[in-house]
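Notes for the structure review
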Amino acid sequence: MGSSAKLFGNMSDGIAIHSFELINKNGMRLNVINYGATITSLKIPIANNKSVDVVLGFDNLEAYLESFNLKSAPYLGATVGQYAGRINNGTFELNGKLFHLNRNNNNHSLHGGNLGFSNVVWTIKDRSDGENPSITLRYDCQNNYENYPGDLAVELTYTLSEENELVIEYNATSTEDTIVNLTHHSYFNLNGHHSDVSNQELYINSNQILEATNENIPTGNYVNVTNAAFDFSSFKKCPTKIDTTFVLNKEQELAASLISPKNKLKMTVYTDQPAVHVYVGGNCEAIKGKENVFYHSLSGICFETQNFPDAPNHKHFPSAVLKKNESYKHKTIYKFEIL
């Protein structure tokens, strides 16, 4: 159907942050701001000419900025990089050289470091109206940004398909060999951002998780979850607390599904990545979100499609190395349908 833009706020240095709305022919609406390439709202049409906003967010720029000053930032709707998840002790070796990243989570580097890609201003490269409206954002970081090697250029395209899909496509190139792992960090709630996910039903196309330490660093071991607590190979209620990387079954791109029996709404996640990190937990505790809603630990669930956390430090994990002048590509789809 089209797209529109309006001022969302101003950074302390005066840089204007805008909100961009995409609308498909079915009335599905996506709002994105160029701070953190962040999704602030995703409204899905349901029965009786109503729609439901299925992602958590804030009403204004100040709230997004302040959220990164919290002890544990929630990353509501943000684009995460240069490396999603944790890197043990903030160090990795590449081409015989040891790199020391900024540490922002205990002694580790989480979601790219102090700023990463979530806490910076992206530029708008392109917008497309009409069928399958889209917006492309770009971020260029210099060599040694957060102590990663290489000048990295990242482009991210959000598309609303006419089949009610939110399509996210990432592309990155570097002037030097580096490591890259990008993901999206929306907290989804098919009953609306004012509700909770406890009665929604979860499916994950996986029978293995990554074993992790009490600081959520992968040990390198895989754990079979068949017939165990984290076996979501058939639909069952969302867990009240989870912060776990699921190794996806490779024979298909289906990653996970979430169903709301209340709204008769289903979201299915497809990806070309080897894992989905599923998160429900405390990072939303006592945060005042949009429309004066106080969020809590069950306000939403994240499906962070990505490579494995700490992959550069485990040779048997899928490689996260992006070679000089080659392309990192990643595509994830969140598809919505009425049951």
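Everything here concerns the structure above.
Residues numbered from 1 in each chain as written. Predicted model: local features only at pLDDT ≥ 70, side-chain atom pairs only at ≥ 80, totals over all residues. Heavy atoms only, no water.

1. A word on the overall build of the protein chain
The secondary structure content of the protein chain amounts to one helix and 30 strands. At 19 Å, the protein chain has a C-alpha radius of gyration in line with the 20 Å of a compact globule built from 339 residues. Overall, the C-alpha framework of the protein chain stretches about 60 × 55 × 35 Å when taken along its three principal axes. Taking as baseline every contact in the protein chain between residues at least 6 positions apart, the subset at least 24 positions apart corresponds to 66%. Only carbon and sulfur atoms are counted for the fraction: they give 45% of the accessible area of the protein chain, which is about 14100 Å². (Helix = DSSP H or I, 4+ residues; strand = E, 2+ residues; numbered from the N terminus. Rg over C-alpha atoms; globule rule 2.2 N^0.38 Å. Contact = heavy atoms within 4.5 Å. Areas by Shrake-Rupley, 256 points an atom, 1.4 Å probe, with all protein chains shown as cover.)

2. Details of the sheet that holds strand 30 (residues 327-338)
The sheet built from nine strands is open, its strands ordered 11-12-13-14-30-24-23-18-21 with antiparallel pairing. Lying at the two open borders of the sheet, with one neighbouring strand each, are strand 11 (123-128) and strand 21 (236-237). When strand 18 (residues 201-204) meets strand 23 (residues 254-260), the two strands line up antiparallel, connected through four bridges. Along strand 23, the bridge assignment pairs Tyr203 with Ser257. (Pairing = 2+ DSSP bridges.)

3. Structural notes on the pairing of strand 9 (residues 97-100)
Where strand 8 (residues 91-94) lies against strand 9, four bridges are found, and the strand directions are antiparallel. Bridging from a neighbouring strand, Thr91 pairs with His100 of strand 9. In textbook terms, the turn of a hairpin is the stretch between consecutive antiparallel strands, and for strand 8 and strand 9 this stretch comprises two residues, one of which, Asn95, has a positive phi near 55°.

4. Quick notes on the pattern of salt bridges
For the structure on display, the rule yields six salt bridges. The closest approach of N and O atoms between Arg29 and Glu21, which form a salt bridge, is 3.2 Å. Across the salt bridge formed by Lys290 and Asp53, the nearest N and O atoms sit 2.8 Å from each other. Taken together, the residues Lys290 in the loop between strand 26 (287-288) and strand 27 (294-295) and Asp53 in strand 5 (residues 51-53) connect sequence positions 237 residues apart. (Salt bridge = Lys/Arg side-chain N within 4 Å of Asp/Glu carboxyl O.)

5. Quick word on the environment of Leu166
Tracing the backbone through its elements, the reader meets Leu166 in strand 14 (residues 165-174). When its relative accessible area of 0% is taken as the criterion, Leu166 is described as buried. Between the C-alpha atoms of Leu166 and Ser319, which are 153 residues apart in sequence, the distance is 27 Å. (Buried < 20%, exposed > 50% of the residue type's maximum accessible area, 1.4 Å probe, protein only.)

6. Digging into the sheet that holds strand 22 (residues 242-248)
The strand order across the open sheet built from six strands is 17-28-25-22-19-20, with neighbouring strands paired in antiparallel fashion. The sheet is open, and its two borders are formed by strand 17 (187-188) and strand 20 (218-224), each paired with just one other strand. Alignment of strand 19 (residues 206-212) against strand 22, held across three bridges, turns out to be antiparallel. Following the sheet pairing, Ile209 is matched in strand 22 by Phe246.

7. Comments concerning the nonpolar core
One finds Leu42, Val54, Tyr158, Leu166, Phe303 and Phe336 to be the most contacted residues of the largest nonpolar core, which totals 60 residues. If one sorts the elements of this core by residue count, strand 13 (residues 152-160) sits on top with five residues. (Core = buried A, V, L, I, M, F, W, Y, C linked by side-chain atoms within 4.5 Å.)

8. What about unusual backbone geometry?
Cis peptide bonds are those with omega within 30 degrees of zero, and the linkage from Gly81 to Gln82 qualifies with 10°. Assignment of secondary structure puts Gln82 in the loop between strand 6 (78-80) and strand 7 (86-87). Phi angles above zero are rare outside glycine, and Asn48 is one such case at about 60°. The backbone of Lys264 sits at a positive phi, close to 55°, despite the residue not being glycine. Following the sequence through the fold, Lys264 ends up in the loop between strand 23 and strand 24 (265-271). Of the residues examined, Lys264 reaches a relative accessible area of 46% and is grouped as partly exposed.

As far as function goes, none of this settles anything; it's purely spatial.
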